[in-house]
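The chain contents come next:
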Amino acid sequence: MARAPFQILVYPYRYTSDDHFEYALFKRSDAGWWQGIAGGGEDNETPLEAAKRETFEEAGLSQDSEFIQLDTMTSIRATGFRDSHLWGDQVYVIPQYCFGVSFKHYPIVLSNEHNEYKWLKYVDAFELVKFDSNKTALWELDRKLNGRGPRD
């Protein structure tokens with residue numbers, strides 16, 4: 001399968017008994033930083049199809065789960081990906097599409113890409129996430145889930 005020239009980022013979330021949302025973060029086995037589920041599209045997948053597949057592969061979540069596509073998008077340097085040479089010399093950056101996914105009644109089953117996960121309240125998750133673009137996606141998801149506008 002050929003790696004498609006885009007990236008996805010998915011934040012699993014759950015509603016807690018104390019009327020808050022928690023977000024799952026995953027610690028990368030290779031780099032040690034914390035992030036949501038991330039990965040690339042394959043062949044002719046859409047970003048949503050890639051998000052569903054990656055979420056299943058990295059956390060064991062059913063592909064029938066409820067996904068929310070976020071407005072947050074960012075560009076990532078193509079050279080950060082092993083297969084970037086397949087995209088040619090005209091592809092400098094690739095888009096990253098962001099999603100939230102409702103995580104209900106499923107245990108998280110980690111793939112070998114991660115060696116740990118945590119459920120965290122927004123403030124704690126925001127502090128732990130490494131990349132600013134990932135923080136922006138988490139901020140947007142938290143605002144939308146809590147019924148808050150961008151300036152509330």
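As a reminder, the structure under discussion sits directly above these lines.
Residues numbered from 1 in each chain as written. Predicted model: local features only at pLDDT ≥ 70, side-chain atom pairs only at ≥ 80, totals over all residues. Heavy atoms only, no water.

This part takes up the overall build of the protein. The number of helices and strands found in the protein is three helices and seven strands. In the protein, the succession of helices and strands from N to C terminus is β-β-β-β-α-β-β-β-α-α. In terms of C-alpha radius of gyration, the protein reaches 15 Å, essentially the compact-globule figure of 15 Å for 152 residues. For the protein, buried positions account for 45% of its 152 residues. In the protein, once contacts between residues fewer than 6 apart in sequence are set aside, the share between residues at least 24 apart is 70%. The average position of the 17 basic charges and that of the 24 acidic charges among the side chains of the protein differ by 5 Å. (Helix = DSSP H or I, 4+ residues; strand = E, 2+ residues; numbered from the N terminus. Rg over C-alpha atoms; globule rule 2.2 N^0.38 Å. Buried < 20%, exposed > 50% of the residue type's maximum accessible area, 1.4 Å probe, protein only. Contact = heavy atoms within 4.5 Å. Lys, Arg positive; Asp, Glu negative; His and termini not counted. Charge placed at Lys NZ, Arg CZ, Asp CG, Glu CD.)

Okay, the nonpolar core next. Residues Tyr-11, Tyr-23, Leu-25, Leu-138 and Leu-141 are the most contacted members of the largest nonpolar core, which totals 18 residues. Sorting the residues of this core by element identifies strand E1 (3-15), strand E2 (21-28), helix H2 (122-128) and helix H3 (132-145) as the ones contributing at least two each. At four residues, the largest contribution of residues to this core is made by H3. Counting residues in hydrophobic clusters, the runner-up holds 17 residues, among them Phe-6, Ala-59, Phe-99 and Val-101. (Core = buried A, V, L, I, M, F, W, Y, C linked by side-chain atoms within 4.5 Å.)

This paragraph deals with unusual backbone geometry. Unusually for a residue other than glycine, Asp-19 sits at a positive phi of about 60 degrees. Here Asp-19 shows up in the loop between E1 and E2. For Asp-19, a relative accessible area of 54% corresponds to the exposed category. The backbone of Asp-43 shows a phi angle near 50 degrees, a positive value even though the residue is not glycine.

Going through the model one piece at a time under the given rule, you end up with eight aromatic pairs. Ring geometry for Phe-6 and Tyr-97: centres 5.8 Å apart, planes at 75 degrees, overall edge-to-face. Taken as a pair, Phe-6 in strand E1 and Tyr-97 in strand E6 (residues 93-102) lie far apart in primary sequence, 91 residues in all. Ring centres of Phe-81 and Trp-87 lie 6.1 Å apart, and the angle between their planes is 55 degrees; on these two criteria the pair is classed as tilted. Side by side, Phe-81 and Trp-87 carry an identical accessibility label, which is buried. (Phe/Tyr/Trp six-rings, centres within 6.5 Å; stacked < 30°, edge-to-face > 60°.)

With that settled, consider the side chain of Asn-134. Position of Asn-134 relative to the elements: it lies in helix H3. If we ignore the near neighbours within four places in the chain, the residues touching Asn-134 are Leu-9, Tyr-11, Gln-35, Gln-96 and Val-129.

Within the element layout of this structure, His-114 appears in strand E7 (residues 114-121). Overall, the relative accessible area of 4% leaves His-114 in the buried class. Excluding residues that lie within four positions of it along the chain, His-114 makes contacts with Phe-26, Lys-27, Arg-28, Ser-29 and Glu-58.

So, about helix H1 (residues 47-59). Look at H1: 17 Å from first C-alpha to last across 13 residues, which is about the 18 Å you get at 1.5 Å a residue. Within H1, the full set of buried residues consists of Ala-50, Ala-51, Arg-53, Glu-54, Thr-55, Glu-58 and Ala-59. Buried residues belonging to H1 abut E1, E2, strand E4 (37-42), strand E5 (67-77), E6 and E7. Looking one or two places after H1, you find Gly-60, whose phi comes out positive at around 80 degrees. (Expected span 1.5 Å × (residues − 1).)

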